[in-house]
Amino acid sequence: MNSTELKDFFQEGFFLKNISSETKSDVLKELVQPLVDRGKIKNARLVLEILNKRETLGSTGIGKGVAIPHCRTLVVSDIHIVVGISKKGIRYDAIDKKEVHLIFLIVAPPQEKSNLYLPILGKIVEMVHDSKTRKALMKAEDFSSFIKAIQGG
Amino acid sequence: MTRSQLELLVLYQDINLMLQETEDEEKGIGFRLEGRERLQQAKDELAKKIEPRFLRSYHRLSTRYKHSIAPVQKDTCLGCFAKLPTSYISKGRDDQSIITCEQCGRILYWIE
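Remember, it's a predicted structure, so these values are computed and weren't measured experimentally.

Observations concerning the overall build of chain A
Counting secondary structure elements, chain A contains six helices and six strands. At 14 Å, chain A has a C-alpha radius of gyration in line with the 15 Å of a compact globule built from 153 residues. When the 153 residues of chain A are sorted by exposure, 44% land in the buried category. For chain A, long-range pairs separated by at least 24 residues make up 68% of all intrachain contacts whose partners lie at least 6 apart in sequence.

Have a look at this one:
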């Protein structure tokens, strides 16, 4: 998967530029809510429960201010990515213990035709490992500058 | 809030799948996954809350299918693509009842 293919999975309605939550459990709720509002998820409680179960496996706060909570769940029919940016930072129990400022929520069904869940997850990890891209994503003031940052500026 | 037996089964299936994919996540992508045992314990605890007859049914189905629970969309079982009878539809949407597809036998979960 390349950056151009990845960008097609982001939607303006699922881009939250001012996350207000300050804790992991609150930010997961804040990120799931747009999926509920747009009819992508019927049962938010189940999604939140499986996301929290995923955190027992190991924190999805991968360090350097980034978290990528993710899960497969029967509750959704397609892959969705919700992005959040927090200026003040979220206490997330990240692996480097630093606060999180950029968060990607990925939810996917158990099976998808193109099997893109793991490639998307891998591409986002690769993208945020690049410090220039990561900083540009964190600074994005709107959806178009966010997409521009994904494509390398 | 109390979870229904169907919700517990859906969580059980989701956790099973998560456990199956840990190697891909760890070796393929680089996530640190030190909590496999904790998640396995959570799954075992969850199993205790599921009525034995439903859990038996889930495991019996898992010998035939990759996923014992199939999503329902547009009143169709997405496991076998059979159109479901109207009588199922009113019962199935509330996430409370365990309903199985009369064609493939999978447990049904209405995703819309």
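Comments concerning the pairing of strand 5 (residues 80-90) of chain A
Residue and element names in this part refer to chain A. Pairing of strand 1 (residues 15-16) with strand 5, which is carried by two bridges, proceeds in the parallel orientation. In the sheet register, Phe15 faces strand 5, and the bridge partner there is Val83. Here seven bridges tie strand 5 to strand 6 (residues 100-108), and the two strands are oriented antiparallel to one another. Considered in strand 6, the bridge of Ile85 is made with Leu102.

Notes on the packing of helix 1 (residues 5-20) of chain B against helix 3 (residues 36-49) of chain B
Residue and element names in this part refer to chain B. One can describe the packing of helix 1 onto helix 3 by two numbers: an axis separation of 10 Å at closest approach and a directional angle of 155°. In terms of axis orientation, helix 1 runs roughly antiparallel to helix 3. Regarding helix 1 and helix 3, the two cross each other, and that crossing is left-handed. Contacts between helix 1 and helix 3 involve Leu8, Leu11, Tyr12, Ile15, Met18 and Leu19 on the former and, on the latter, Leu39, Gln40, Ala42, Lys43, Leu46, Ala47 and Lys49. When the residues that make up the contact of helix 1 with helix 3 are grouped by side-chain class, the tally is 10 nonpolar, one polar and two charged.

Examining the interface of chain A and chain B
Taken together, the contacts link 23 residues of chain A with 30 residues of chain B. For the side of chain A that touches chain B, the secondary-structure elements that each account for two or more residues are helix 3 (44-57), strand 4 (70-72) and helix 4 (117-129) of chain A. Element by element, the count of residues in the side of chain A that touches chain B is highest for helix 3 of chain A, at seven residues. Per-class residue counts for the side of chain A that touches chain B are 12 nonpolar, six polar and five charged.

Topic: the nonpolar core
By size, the foremost hydrophobic cluster in this structure holds 67 residues, and its most contacted members are Ile106(A), Leu108(B) and Tyr109(B). Among all residues touching Ile106(A), those that are not within four sequence positions of it are Ile68(A), His70(A), Ile81(A), Ile120(A) and Leu121(A).

Details of unusual backbone geometry
Residues and elements named next belong to chain A. Of note in the backbone geometry, Lys64 takes a positive phi value of approximately 60° without being a glycine. Note on placement: Lys64 falls in the loop between strand 2 (61-63) and strand 3 (66-67). Judged by the 18 C-beta atoms lying within 10 Å of it, Lys64 falls in the partly exposed class.

Description of the confidence of the model for chain B
Residues and elements named next belong to chain B. Confidence along chain B averages 92 in pLDDT terms, with 99% of residues attaining 70 or more. Here helix 5 (residues 86-92) stands out as the least confident element of chain B, with mean pLDDT 81; helix 4 (residues 52-62) is the most confident, with 97. Model confidence for the complex: the whole-complex pTM is 0.94, and ipTM, which rates the interface, is 0.91.

Focus on the sheet that holds strand 3 (residues 107-110) of chain B
Residues and elements named next belong to chain B. Read across the sheet, three strands follow the order 2-1-3 without closing on themselves; strand pairing throughout is mixed. Edge positions in the sheet fall to strand 2 (76-77) and strand 3, since each has one partner strand and no second. Of the pairings in the sheet, the one linking strand 1 (residues 69-73) to strand 3 comprises four bridges and is parallel in character. Looking at the pairing, Ile69 lines up with Ile107 of strand 3.

Some remarks on the pairing of strand 6 of chain A
Residue and element names in this part refer to chain A. Burial of strand 6 is extensive: nine of the nine residues sit out of reach of the surface. Pairing of strand 3 with strand 6, which is carried by two bridges, proceeds in the parallel orientation. By the bridge assignment for strand 6, Ala67 is matched with Ile103. As paired elements, strand 4 and strand 6 share three bridges and run parallel to each other. Bridging across to strand 6, His70 finds its partner in Ile106.

Quick notes on the packing of helix 4 of chain A against helix 2 (residues 22-29) of chain B
Between helix 4 of chain A and helix 2 of chain B, whose axes approach to 11 Å, the crossing angle comes to 35°. For the pair helix 4 of chain A and helix 2 of chain B, the crossing hand works out as right-handed. Residues Leu118(A), Leu121(A), Gly122(A) and Val125(A) of helix 4 of chain A pack against Asp24(B), Gly28(B) and Ile29(B) of helix 2 of chain B. Looking at the contact of helix 4 of chain A with helix 2 of chain B, its residues break down into four nonpolar, two polar and one charged.

Rules behind the numbers
- Residues numbered from 1 in each chain as written.
- Chains lettered and ligands numbered in written order.
- Predicted model: local features only at pLDDT ≥ 70, side-chain atom pairs only at ≥ 80, totals over all residues.
- Helix = DSSP H or I, 4+ residues; strand = E, 2+ residues; numbered from the N terminus.
- Rg over C-alpha atoms; globule rule 2.2 N^0.38 Å.
- Buried ≥ 20, exposed ≤ 12 C-beta atoms within 10 Å, placed from the backbone.
- Contact = placed C-beta atoms within 7 Å.
- Pairing = 2+ DSSP bridges.
- Axes fitted to C-alpha atoms, helices over the stretch in contact; angles between N-to-C directions.
- Parallel < 35°, antiparallel > 145°, perpendicular 65-115°, else oblique.
- Left-handed = near helix turned anticlockwise from the far one by under 90°.
- Nonpolar A, V, L, I, M, F, W, Y, C, P; charged D, E, K, R; others polar.
- Core = buried A, V, L, I, M, F, W, Y, C linked by C-beta atoms within 7 Å.
- pLDDT = per-residue confidence, 0-100.

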